[in-house]
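Results of the structural survey
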Amino acid sequence: MDVSGSMGMMQKYLCRAFFWLLDAFVRTQYKNVETVYIIHHTTAKEVTQDLFFHTIESGGTSCSSAYELALEIIERRYPPEKWNIYAFHMSDGDNWADDNEIALAMAAELAELCNLFGYGQVSGWFDDMFDEDAVDWDTMFQVLTPLAEAHKNVRLVRIKTVEDVY
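No experiment lies behind these values; they were computed from the predicted model shown. (Residues numbered from 1 in each chain as written. Predicted model: local features only at pLDDT ≥ 70, side-chain atom pairs only at ≥ 80, totals over all residues. Heavy atoms only, no water.)

This part covers the overall build of the protein. In terms of helices and strands, the protein carries 6 helices and 5 strands. Ordered by position in the sequence, the α and β elements of the protein form the string α-β-β-α-α-β-α-β-α-β-α. A compact globule built from 166 residues would reach a C-alpha radius of gyration of about 15 Å, and the protein, at 15 Å, matches this within 12%. Over its C-alpha atoms, taken along the principal directions, the protein stretches across nearly 45 × 30 × 25 Å. Looking at the protein as a whole, 45% of its 166 residues qualify as buried. Entry remark: accessible area of the protein is about 9,500 Å², with carbon and sulfur atoms responsible for 54%. (Helix = DSSP H or I, 4+ residues; strand = E, 2+ residues; numbered from the N terminus. Rg over C-alpha atoms; globule rule 2.2 N^0.38 Å. Buried < 20%, exposed > 50% of the residue type's maximum accessible area, 1.4 Å probe, protein only. Areas by Shrake-Rupley, 256 points an atom, 1.4 Å probe, with all protein chains shown as cover.)

Given below as structure tokens:
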């Protein structure tokens, strides 16, 4: 989950609501589930479930840091030939422009290893300040769209309201 400075309280709330529902659903369907929680801004770190749902951080945004950490964790602990791997990333889409190409390459690696790679983009702090059609935001949603078009196991969603989470 993106916890950078551009993520406002509502965006973090929407992300946490999504992850809470996802976790609850998965645990009712499967007996042996291991969940890894990663938060990021310019750097990523693995955290406990409690810290994931309660941390308040800020800073710039480098989405590739989260993808890189996820790839390292998969390599160390979850070989795809032995595990069903599902990776989900939630962000407001804001990312440093020089990180977009790196993030796309790492997301492609995740798509190759995962049963499903999902990206959810919550409305950003700037959505209420500008006409979406008037400003061309270089968002992660736009960066990842070609990946979703090329891979059946990549899903992208936009979440603007609490009702969209479900």
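With that settled, consider the layout of surface pockets. Within this model, the largest pocket holds a volume of roughly 1,000 Å³. If you go around the largest pocket, you meet 33 residues; those closest to its centre are Glu 34, Thr 35, Tyr 86, Ala 87 and Phe 88. Looking at the lining of the largest pocket, the elements that each hand over two or more residues are α1 (9–29), β1 (37–40), α2 (49–54), α3 (63–77), β3 (86–91) and β4 (116–122). Residues that form the lining of the largest pocket fall into these classes: 26 nonpolar, 5 polar and 2 charged. Lining the second largest pocket are 16 residues; nearest its centre among them are Phe 18, Leu 22, Phe 88, Val 165 and Tyr 166. Elements represented by at least two residues in the lining of the second largest pocket include exactly α1, β3, β4 and β5 (154–159). Its residues assigned to classes, the lining of the second largest pocket shows 12 nonpolar, 3 polar and 1 charged. (1 Å grid on protein atoms, 1.4 Å probe; cavity = no way out; pocket = protein on both sides within 12 Å on 5 of 7 lines; lining within 4 Å. Points joined across faces, edges and corners; volume = space filled by probe spheres on them. Nonpolar A, V, L, I, M, F, W, Y, C, P; charged D, E, K, R; others polar.)

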